[in-house]
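Descriptive structure summary
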Amino acid sequence: MQSSYKILLALYQVLNVPVVTNEISKIKFGQVSKVSQSEFIALNTINNPNQYLQNGFANVNIHIVKLSSGEDNHSRFQKLTDIIIPILDETQITTENGTFYFQIDDDKGIFDDPDRDGMSYYNLRIEFQTL
């Protein structure tokens, strides 16, 4: 059985590539500080009621500072999702911890960030399977 930490580490490795990090350099998982006011990607797993982590779901949240008018920065979200979605959809990675398969389950869209004033985030729900 894989731990949620190893699943997030594999997802981090999928996204921690120059095409992503040249655009948005911070990719975080685990407890993310609520005072962070800069762009970053946050990764987390979604609780599985069966407590079986061979299959499940994770979130990829792209956090962006709103425009000075208070509006969501749609052009920035568009640029980042154009890069990130193809990387995450139907991707398999083999790491020292095993082989993991990721695919996009749902494109949830943009939400206000309740923990960070002046920020919003784009949520992608990812389905994973350990192989």
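Every value quoted in this text rests on a predicted model; they were computed, and no experiment measured them.

Each value, and the rule that gives it
Residues numbered from 1 in each chain as written. Predicted model: local features only at pLDDT ≥ 70, side-chain atom pairs only at ≥ 80, totals over all residues. Heavy atoms only, no water. Phe/Tyr/Trp six-rings, centres within 6.5 Å; stacked < 30°, edge-to-face > 60°. Helix = DSSP H or I, 4+ residues; strand = E, 2+ residues; numbered from the N terminus. Lys NZ or Arg CZ within 6 Å of the ring centre and 35° of its normal. Pairing = 2+ DSSP bridges. Axes fitted to C-alpha atoms, helices over the stretch in contact; angles between N-to-C directions.

1. Side note on the packing of aromatic side chains
- As enumerated under the stated definition, the model contains four aromatic pairs in all.
- Centre to centre, the rings of Tyr-5 and Phe-29 are 5.7 Å apart; their planes meet at 55°, and the pair counts as tilted. Taken as a pair, Tyr-5 in helix α1 (residues 4-15) and Phe-29 in strand β1 (residues 27-29) lie far apart in primary sequence, 24 residues in all.
- Ring pairing ties together the aromatic residues Tyr-5, Tyr-12 and Phe-29, which thus form one cluster.
- Of note, Lys-28 hangs over the ring of Phe-40, and the distance from its end group to the ring centre comes to 4.9 Å.

2. Let's talk about the sheet that holds strand β4 (residues 91-95)
- Spatially, β1-β2-β3-β6-β5-β4 is the arrangement adopted by the six strands of the open sheet, whose pairing is mixed. On the outer flanks of this sheet lie β1 and β4, each paired with one strand and no other. Strand-to-strand twist in this sheet, taken as the mean axis angle between neighbours without regard to direction, amounts to 30°.
- Here three bridges tie β1 to strand β2 (residues 40-46), and the two strands are oriented parallel to one another. Within β2, the residue paired with Lys-28 across the bridge is Ala-42.

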